[in-house]
Every structure is written in structure tokens, then in C-alpha cells.
Amino acid sequence: MDSALFLNAVVAGLLLAGFYAAVAVGISISFGMLDVVNIAHPGFIILGSYVALMVHQWLGVDPIAISVVLSPLFFVLGMALYRVFYLAFERRGQESLRGLAFFFGILFITEVVLILIYGVDYQLVKTAYSETVWRLGEVGFPLRLLVPCVVSVVMVLGVQLFLNRTFFGRAVLAVSQDQLALRIMGVNPVKVKELAFALSIATAGVAGAFLIVIQPVQPSIGREFIGLAFAICVLGGLGSLYGTLVGAVILGVAESFTATYFGPSWAPAVSFGLLLLTLAFRPAGLFGR
Amino acid sequence: MSNRRFAITAFVVAIALIGASLAIENAYFFTAAYGVLVFVILATAWNILGGYTGYVNFGTPAFFAIGAYTTVFLYNAFQAPLIVDIVCGTAVAGLAGLAVGYLTLRLRGVFFAIATLALAVVMLTFVVNWEYVGGARGAYVITRGDAPFGFASWKHYLYVVIAVLATVAIVVARLLERSKIGRGLAAIRDDELAAECAGVPTLRLKLLSAATSCGLMGMAGTTYPYFYAYTEPLSIFSLSYAVNAIAMPMIGGMTSWVGPLIGALLLGTLQQLVQVTIASDLNLLITGLLLVLFVTLAPNGILGWFDAWKRRRKR
Amino acid sequence: MAGVLLQASGVTKHFGGFYALDKVDLEVREGERLGLIGPNGSGKTTLVNCITGTLRHDEGTVRFNGHDISRLATHGRIRLGLARSFQIPKPFASMSVVDNLRVPLLYAASAHAGAAKVSEARSREEAMVILREVGLEEKAEERSGGLTQVDMRKLELARAMASRPKLLISDEAMAGLSSSEVDDIITLLLKMKDRGVAVIMIEHIMRAVMRFSERVAVLDAGKKIADGSPQEVVANPDVQRAYLGE
């Protein structure tokens, strides 16, 4: 077996995994901890991609930097979205069917609006480092994969630290387990959920900027990431960010190998296959509660 | 009205409507009507698993595509007659629904929903990579010679076929709805655990519901390659089928077969009008907005409004 | 002496390191009225869940009517003649009160009725008979989602009765009800005796348990600590310690 090909496939997988973790961390929060099935999450990622594109075209600043600066916008958007979801569905106890349809509608609307504005052509952002590849022996580290990966891992670890060390973070962990106890402590669980959900959407916005640096983006590819994001979270175990990282690595490497040895057009099937396998044999995932 | 009498009435009405419509000369009518009738089938099919049983299927395009591509395959391999295409397409789609259901319906409803979303993507990948049915380039299915049974054109004929299929779908839905199985499905939808404890074999019924629903979705797709002549992934997997299959029952009302029919007729006609007068992409946006509005503000749909009005009148 | 209907032996259920049930033995004879009591968290509902199959027990066996039902799905156990009501009522909210009962009549009751199978057409009549018994026939056409608390409890029991069970498990049907409402429920459950239906009553309201039960079993922290006549159990020092502390 060609060792260079193998090593490069592994490295590409790992680099991609970093990005995938950023995609999945939002779902890990909204679905894993808050039990909100936000299938519109990828829609916000793509929205983040286009916002980064737009500002980059206007100001010429690095898209990842843009997205971090603009993340409060997505945060607020997330708050608004959760408010509507809560008032219309969660409060009435009808989250399952109707909540799903609601988020599907939102996903759909974001996609169609982006098509109306930008059309269906692929867009990519080229940064100063897009063409650069660091080499270590036979292995290449394309910077357009490496930079998003590093920033993404920092972001995910940051969220993890936040959840474990701050009062608010622990309130989020608590809200998934015992709402009554939170109320007794004087904390409003609805507010906690709202802010946590907002956080998940903020991560989506940032992940969008990573995406458009890594690969060309068009409005419809959001749907490809749904299977991926949920596969990672289910594989890693809902509610465990550490599990999300592990799941991302497994998925990233599996997809990379599939793309390298079978062709890139089979890659979307990998996440679905892994998702189905996990659901069929170990629905709690690797590190699930 | 008993199920048997309903079936007879439905077919009589269908034949009458079809007969009347054949007097229409305008070719555009048949294209538009065909489109709307396909949606009637998809909406009715979706509602069997969605409205009756409470499980959301986001992968309608996948099962619709199975129907269409089975036809393409059979055409390329055997030049099979239409009836064979319809039966096989329905069966394959039903089996696919059964398989996905078997893997995911034992878990929470959300996992089934997510699996169906991912399934649509996978089916697209599969089709795009399969050269025998045209892959990304698409496939042509040519209708040869005159239309059978003396119809003026193939489009006329296929319109009649789809109208008959739509009637079949509605009769099947009504049959399920007003039966012991329908009560079991409603119990599952309302409270699955309580249903199990009332003796309902929930997994078995869910699988039946999934197989029927997905089979009918496949049935809706079997005549597509003949009607449009050119079958390619981008149109088959279009957003339109994905969102309409859900929006139409939700807007029309999910508790009975009437809702999807109303939703499909209203929304389908609206879309045809918008497409011709405004622009086709705006079409989808309007549908998406309507879906979100109805789901948030009028969760019982148009049928729900009607029921509420009836109840208010009683007082 | 009536035959043994339910026999749970050595039933154990743990969640990680926490043992919700630890080698619990429980026996119920045909037509017997058993009270099952114990402090909160002692495992009563867990035991019911293991008996009905909602939870899979880790060790031990459950035999019902001569069959080992340990591997059977819930609906299978129900069809053998088991029935339960839920602590927090779970009505089929979109259906009317009478339609709620038609589901168990058509599915559970029909399974072990043999020649007396209930047809779709007759299920409504049969449902009305049961509603009359529990006092809900006035509300037959109302949507079950909008009932009062006590009516919902009655509906829960009515639904369990509609399965025509041999053993009915009533899980805290009286919690939060007024004194006269409690008496209504006790009367309902006592009527089961006339039908030869065995009843396991899980309750915290002691006067109901004492009045109703022929025998009482006590759970504490997942273990059975007492099993005997109501008078014996109440006098048992272990039981007193479990409820009142050291």
C-alpha cells in the first residue's frame, strides 16, 4: 500500500475532523443537552458562509476573523429563534412532530433565500494562505484545512471549558438533567436554554466561515451536513462534547479514506452509514449518558 | 360511510372527473394537473406516517426517486410496460421504507426523521454514481408510437393514469384511517408507551405504516420518466418535492385523508399560478413561509379551522 | 386456594452502579388484592415497569399465567392478560373518551378473548359499558385531553379495565385526590374482585391500602422488606423504620 497516500488520507481526515467538530458542537448543545432537534443548524452554517463571503468581498478581511467578530449577530438570531420555538411548541408540549416541521421550514427558507440572492453557483473564499501547503516528509498539511481546524478545535475546547467552569455553563448541563432543581436555585431554565441555543447558533455562524475557506459552498449543501452533524453527535454520545470530538475524528478519517480510495462522490454515504450503524447497534453512542 | 362504499364512490367520482377533463383541449392543463395530482399522492402518502402515526419523514424525494428510477431501470433493461413499472416501483420503495423503518423506528421519532433526511442525500449520491440509469447526466425514456387506449396523446394517457393512482392512494389512506389499524396508529401517535400497554403491537404497525407510506411515494414517481421524458437527479431530488410533501398535509390538516387532498389542491394550484405569473424560485419561498406560519399558528391546518368553526356553531 | 398468576423471582434492575431493584420476589394469586407500598424511590414503579416490559430486567424471571414473559415485548405481555395504569395519566389525547377505550378492547382484550373477540363495530358498545361502570358515560364524546384530574384517573383505570385483564396494576391512581374521590377509586378497584381480576395497588395513602388489600408487600431501596397481611406489615419494625427513619 502506498504509504504516502495512506498518511495523507489520515492527515486530511484529522484536519477535516477539526472542522467537523465545529459543525457538530452546536448540535451537541441543542440536541444533546437541550433536546431541541434543530435540523436547521446546517442552514445557519451556510448562512455563516455567505455572510463571511459578503463581508470578505466588501472589506477584504479574513473570513474566519470576520465570523468571530460577527458571532454576536448569530447569537442574537439564535435567541430569537429559540423564543419562537419555545412559545409555539415547547411550552405546549408539542415539540416532536411540529417542532421538527418548524425547523425544517426554517432550513428550507434559509436555503431558498440564499438561492434567490446568490444563485446556485459554487462560491469559495481564497485567503492569503489558501494555496500554501506545509510539508512534513511525504505528508502535506494544506493551510486552508489546517487553519480552520486549529481555530475550530480552540472554539470547541473553549465551549467545553465554558460549560464546565462557569456558572452559566453548569446551569446548561443542569438544565438537561433537572429543571426543577434549577428553578429552586432561582435560575430560570427557559432563559438558560435560550442562551445555550443562541450559543449553538453562534458556533454555526463561525463554522460557516471555516467551511467556505475549506471548500466551495452553494446554498443546497447544508442538507449534506445534517447527516454528518447528527452522526457525529450520536456516535460520540449525546451530551458529551468529548464524545463529539471523538466522533468527529472517526467520521473525518472514515470519510477521508472513502474519498481517497473510492472516490469523493461516495463520501456523503459514509456519515449516513455510520449513523445507521450506531443507531442500530449502540444508540447511546460511545460516551453517551 | 363504510370503507367499501367509499372506495366505490371515490372511483366513480374519479372517472367522472377524468371523463369531464378529457374535453379540455389546452395541453398546459394536463401538465399542470399531472403535477398537482403527483402532489396529491405524495401528500396523502406522507400523511399516513406523519399525520396518522406521528413520525416525520423528511426523505420524500428519496422514495419518489426510487419509483422514478425503477421505471428508468426497467425501461433500459426490459422495455417493461407501464403497469410493471408501477407495481415494481411501489414495491421497491415500500421495501426501502420498511428497511429504514426497521433500523430506526425502534428508537425515538427524531432519529427516524434524521435518518430520512440523511437518506435523501445518500440516494442522490447513489443515483449520481449509477451510470446505468444515467448518473448525473440523466436518462431519457422515450414513449414510442401512439398512446394506448386511443388517447389523443401520451400526456393525456399518463394524466388519466396518475388520476387513477391518486384515487388509489386516497382509498388506501381512508382504509387505513377508518379501521382497527387506524386506531392503533392514532394511539401510537398520541402516546406510544400507553399504546403498547393497551396491547398495540407498535413496532409492527409502525413498519406497516412506513412501508405503505413510502411505497405510495414511490408509486407517485413511477410515471415521471414517461411524462417528462428526461429524468435527472436535480429535478427528481428537487426541494419542491421535499417541502411540499410536508407542507401540504400540515396546511390542509393531518388528521384525515381530506387534509392532504385540500392542501395539495390549494397549494399545488397556487404554485402553478405563481410560477406562471411571478417567478419559480419565489414559489418555493412562499411555500416555506406558509409551512412555518401554519405550523406555528395553525397547527391543525385548514381542517382544524373547519372543525373549530363547526364546534363554535354547535354552541 | 387460587393458582399463582404472577411470579416475579429474583428481579434485579440496575442503572450503572445504582440498584433500583435487588433480587425482588413477588407473587400474586388469581383474584388476589395486593398492596405494594414503600417510600419514594424504593423501586415500586420500576418493578411495575419490569413486570410489564417497559424496562428489561437484568436478572431474575417473571412468569405470568404459566408463561415465562421475560423476553416478551410489552404488548405481548398485555395480550396475555396484564394491564397497568400510569401514575401520571397518559390518555390518547386526540381521541374522545370512548375511543380511548376502544383501543385496548380491540387489541388487548381481543387477544385472549377467543370466541368473545370484540369486533370494530361492537367495540363502542363494550366501551360504553365500562364507561358506565366508572361513571364517565356522560363524557363519552368529550376529547380526553381536556378532562379533570379525577376523570383522567378514572379513564386510566377504565382503559386498563378495557384490556379485560387477569391482573391489573394500579400505579398511584389516587395521588392528590380528595377523600371522596379516593373512595370512588377504591370502589372501582374493589369491583374488580367480582370479575375475578387480581389487583396490585401501589399507593401512598395508607387507609386506602389497608382497606383494599388482602396482602401487603413493602419495598425499600430496591429490596422487599416485608410481605404479609396488612396488620402484620404495619406492625413490622423494619417497615416502620423505612418510613419514619431511625
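What counts as what
Residues numbered from 1 in each chain as written. Chains lettered and ligands numbered in written order. Predicted model: local features only at pLDDT ≥ 70, side-chain atom pairs only at ≥ 80, totals over all residues. Heavy atoms only, no water. Salt bridge = Lys/Arg side-chain N within 4 Å of Asp/Glu carboxyl O. Helix = DSSP H or I, 4+ residues; strand = E, 2+ residues; numbered from the N terminus. Core = buried A, V, L, I, M, F, W, Y, C linked by side-chain atoms within 4.5 Å. Buried < 20%, exposed > 50% of the residue type's maximum accessible area, 1.4 Å probe, protein only. Contact = heavy atoms within 4.5 Å. Pairing = 2+ DSSP bridges. Right-handed = clockwise from strand over helix to strand, strands pointing away. Patch = residues over 30% accessible without salt bridge, like charges linked within 9 Å, V, L, I, M, F, W, Y side chains within 5 Å. Areas by Shrake-Rupley, 256 points an atom, 1.4 Å probe, with all protein chains shown as cover. Lys, Arg positive; Asp, Glu negative; His and termini not counted. Charge placed at Lys NZ, Arg CZ, Asp CG, Glu CD. Domains from an automatic or database assignment. Buried area = accessible area lost by both parts, 1.4 Å probe. Polar contact = N/O pair within 3.5 Å; in protein donor to acceptor, adjacent residues only side chain to side chain. Nonpolar A, V, L, I, M, F, W, Y, C, P; charged D, E, K, R; others polar.

### A word on the pattern of salt bridges
All names here are of chain C.
Thought 1: Per the stated rule, a full pass over the model turns up 28 salt bridges over all chains.
Thought 2: Between Asp99 and Arg102 there is a salt bridge; the shortest N-O distance is 3.2 Å. Taken together, the residues span about one helical turn, with Asp99 and Arg102 both in helix α3 (residues 97-111) at a distance of 3 residues.
Thought 3: Each of Glu32, Arg215, Lys224 and Asp227 takes part in one network of salt bridges that share partners.

### Some words on the nonpolar core
Thought 1: In terms of nonpolar packing, the biggest core is built from 213 residues, with Tyr20, Phe102 and Phe103 of chain A together with Leu42, Phe58 and Met250 of chain B touching the most fellow members.
Thought 2: For this core, the leading source of residues is helix α2 (residues 27-52) of chain B, giving 15 residues.
Thought 3: Those residues in contact with Met250 of chain B that sit more than four places away from it in its chain are Leu97 and Ala101 of chain A together with Trp46, Leu291, Val295 and Gly301 of chain B.
Thought 4: By size, the runner-up hydrophobic cluster in this structure holds 45 residues, among which are Ala83, Val134, Leu189 and Val218 of chain C.

### Quick notes on the pairing of strand β7 (residues 167-171) of chain C
Residue and element names in this part refer to chain C.
Thought 1: Of all 5 residues in β7, 5 are buried, a share of seventy percent or more.
Thought 2: Side-chain alternation along β7 places Leu167, Ile169 and Asp171 on one buried face and Leu168 and Ser170 on a second face that is also buried.
Thought 3: Sheet analysis places strand β6 (residues 82-85) next to β7, joined by 4 bridges and oriented parallel. Looking at the pairing, Ala83 lines up with Leu168 of β7.
Thought 4: As judged from the 5 bridges shared by β7 and strand β8 (residues 198-202), these two strands associate in the parallel manner. Paired with Leu168 across the two strands is Val199, which belongs to β8.
Thought 5: Viewed along the sheet, the connection from β7 through helix α6 (residues 179-194) into β8 turns out right-handed.

### Examining a positive patch on the surface
Thought 1: Among the surface-exposed residues, Arg311, Arg312 and Lys314 of chain B together with Arg143 of chain C lie close enough to one another that they form a single positively charged patch.
Thought 2: As for its position among the elements, Arg312 of chain B is in helix α15 (residues 301-314).
Thought 3: With a relative accessible area of 57%, Arg312 of chain B lands in the exposed category.

### Observations concerning the domain arrangement of chain C
Residue and element names in this part refer to chain C.
Thought 1: Domain boundaries in chain C define domain 1 (1-81 + 167-246) and domain 2 (90-164).
Thought 2: The C-alpha-based centres of domain 1 and domain 2 are spaced at 24 Å.
Thought 3: Facing the 19 residues of domain 1 at the interface are 12 residues of domain 2.
Thought 4: Here domain 1 packs against domain 2, burying approximately 1,300 Å² in sum over the two surfaces, 66% of which is carbon and sulfur.
Thought 5: On the domain 1 side of the interface with domain 2, the three residues burying the most area are Arg79, Leu188 and Arg195, jointly 39% of the side's total.
Thought 6: Here domain 1 is connected to domain 2 by 1 salt bridge.
Thought 7: Joining domain 1 to domain 2, the criterion identifies 4 residue pairs in polar contact (both at pLDDT 80 or more).
Thought 8: A total of 7 residues in the side of domain 1 that touches domain 2 trace back to one element, the largest contributor, which is α6.
Thought 9: Residue composition of the side of domain 1 that touches domain 2, grouped by class: 11 nonpolar, 2 polar and 6 charged.

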